[in-house]
Amino acid sequence: MTNYRHGQMINLIDEMNSPLLAVEPQRCVLVRHRNGECLRCAAVCTTGAISLGEEGIVVSPEKCIGCGTCASACPTGCLTAANPTDEELFGAVEAALAAGGGRVAIACERAFAMASGNRMKRDSCDATAPSFVPGKIAGATSDGRPLVGVVCLGRVDESLLVEATARGARSIQLISGPCESCPHRCGGALSDEIIVSAETLLAALGTPSPIDRIRLQHASDTREILRLRPTASAQDDTNAANAATMADVSGDTGCSDRASSAAAAMANASGISGGAHQASSAANATATADASGDTGCPDRASSAAAAMANASGISGGAHQASSAASAISPVGCRAERGLSERLSTTRKPAPEESQADSREPRFAHVQHDGTLPHFVPERRLRLFNSLKALGTPAAPTVTTRLWGQVTIDTELCRSCRMCTVFCPTGALTRFDAANDAFGVEHRSALCMQCHLCETICPEQAITVAEEVSADEFLSGKKFRFTMQPIGWNPGAEDSIASRMARFIKVDNLQEPQAKVKSFDTAARREYAQAREARRREIREQHRP
């Protein structure tokens, strides 16, 4: 049995927490349930900082270069890029779009090195362009578009690409060197997958893709296309672009109340304690932000921020709260405002605050309904709102790596509803109707496609598909699976006696309260046997 099956994953993945990579270990699928099968971070890590060895997961924090590729692959937000943070990278791209007339180029570290005449070793990243600073504008392309640097293009996920499109980007160039010979080749492969995913999402909404992938094979071509600046100028370029963005929006007085209201609401949210991220509360806040039309921006944004602030589960410090407020702010209403201004509402931790102060509790307690705490990654909130801002679906379904459609075979299902206990985001929730009907509800808008429910289902009654109903997804609808009655109710007064009667296989059992009648036991046994026979029949039908 591998180390993460022994429950060691919470300590292993927490070792990766550093200024380059933020880690919330309790969000990891393998921490949530040790029989989970998500190893996506190890599959895409570009340096072997997270790898899969003979004993299981192996972590080597000293190898981490902060490329952020693992964060783009992580479905639950356990790993979050910090070199740069999402806010910093979004801010640089926003400033570049404003300075470049809706055009921006994002280049990897190797492309910068090639443009500067340096050669990167096959197994290291020592040779770096002097002007390269991750998440900063560090020059321009030959056609005059501002150039933003990242360690690896695997850092650029769908939320950035789609939000930039929703904000009016006319052209987004993603530039890299030859990925096949790069030490970050895993990140290059993930970047290709992300681009396909982003273009699929945009096509589902009838929006043309502005994304252009450019691979540079020779240093001479790279120097011809990329015009780098000296190190001192990189920050100056970013500051100048931010100033231009702020100047463009300085006349917008109609949204000042909206920004202050959102900031105030998020300031109140910073006091919320507990690690439970209630997915339903986050989704309701998202729906609130998009409920009205193109007018009434101040009320819509402030009510969304207030809803997010009052969501009892969404916690993790003021930084996460303010970021969540930025995420749920409707793109269509705030398109004229720069991300640099949005970042100004984020509270910076005081120097004396430790990094642990802003993190979620290491061990999350079970909630009142018996489920583990829920959370929604901020990237998904941003991406969801950007898609909503782009319009109505142009196709009935969309195939994506990000969200999933759950199907439950209610004939195979034992009605235990354990899938709702471990679902990270609350995409699967329980319902108990007044007419004694009960079961599970699924909301595809919250499903992160982690496949945990599918993996741990004892009867393999759950499947998670990549093809999602566009209408159900964008509207936040729930699909209800009504389950069959269970033969033994663990919460009933006669649960112990009835369970013993089934195991001993007798109809009469000596029991102080005498609540289990012989005909009741016989009926329950007959029902359980019929259900099991039906399960065997279904398994035989699906056996290859």
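Fair warning: this is a prediction, and the values are worked out from it, not measured in the lab.

(A) Examining the packing of helix 5 (residues 86–99) against helix 7 (residues 158–166) more closely. Interaxial distance between helix 5 and helix 7 falls to 11 Å at its minimum, and their mutual angle equals 30°. One finds that helix 5 runs roughly parallel with respect to helix 7. As for the relative orientation of helix 5 and helix 7, their crossing is right-handed in sense. Packed against helix 5, whose contacting residues are Leu89, Phe90, Val93 and Leu97, the element helix 7 presents Ser159, Leu160, Glu163 and Ala164 at the interface. When the residues that make up the contact of helix 5 with helix 7 are grouped by side-chain class, the tally is six nonpolar, one polar and one charged.

(B) Helix 8 (residues 185–204), seen in detail. Relative to the 28 Å expected for 20 residues at 1.5 Å per residue, helix 8 spans 29 Å between its end C-alpha atoms, a close match to the ideal helical length. For helix 8, every residue scored as buried is listed here: Gly187, Gly188, Leu190, Ser191, Ile194, Ile195, Ser197, Ala198, Leu201, Leu202 and Ala204. In the stretch just after helix 8, glycine 206 is the one whose phi turns positive, near 70°.

(C) Here's a closer look at the packing of helix 7 against helix 17 (residues 378–389). Across the interface, helix 7 lies against helix 17 with an axial gap of 9 Å and an inter-helix angle of 30°. Classified by the interaxial angle, the pair formed by helix 7 and helix 17 is roughly parallel. Relative to helix 17, helix 7 is oriented so that their crossing is left-handed. Where helix 7 approaches helix 17, its residues Glu158, Ser159, Val162, Glu163 and Ala166 are matched on the opposing element by Arg379, Arg382, Leu383, Ser386 and Leu387. The residue inventory of the contact of helix 7 with helix 17, partitioned by class, reads four nonpolar, two polar and four charged.

About the criteria used
- For every chain, the first residue of the written sequence is number 1, and numbering continues from 1 along that sequence.
- Local features are withheld for residues below a pLDDT of 70 in this predicted model, meaning they are given only at 70 or higher, and side-chain atom pairs are given and counted only at 80 or more; totals for whole chains, interfaces and linings count all residues.
- Derived side-chain values reflect all non-hydrogen atoms in the structure, with water molecules and hydrogen atoms excluded from consideration.
- Only the stretch in contact is used when a helix axis is fitted, and all axes are lines through C-alpha atoms; the angle between N-to-C directions ranges over 0 to 180 degrees.
- Think of it this way: any DSSP run of H or I at least four residues long counts as a helix, any run of E at least two long counts as a strand, and we number them from the N terminus.
- Any angle that falls under 35 degrees is termed roughly parallel, while one over 145 is termed roughly antiparallel, one within 65 to 115 roughly perpendicular, and all others oblique.
- When the near helix sits turned anticlockwise from the far one by under a right angle, the crossing is termed left-handed; a clockwise turn instead gives a right-handed crossing.
- Two residues form a contact once any of their heavy atoms are found within 4.5 Å.
- The classification used treats Ala, Val, Leu, Ile, Met, Phe, Trp, Tyr, Cys and Pro as nonpolar, Asp, Glu, Lys and Arg as charged, and all other residues, Gly among them, as polar.
- Helix span is expected to be 1.5 Å times the residue number reduced by one.
- Using a 1.4 Å probe on the protein chains alone, a residue whose accessible area is under 20% of its type maximum counts as buried, one over 50% counts as exposed, and one in between counts as partly exposed.

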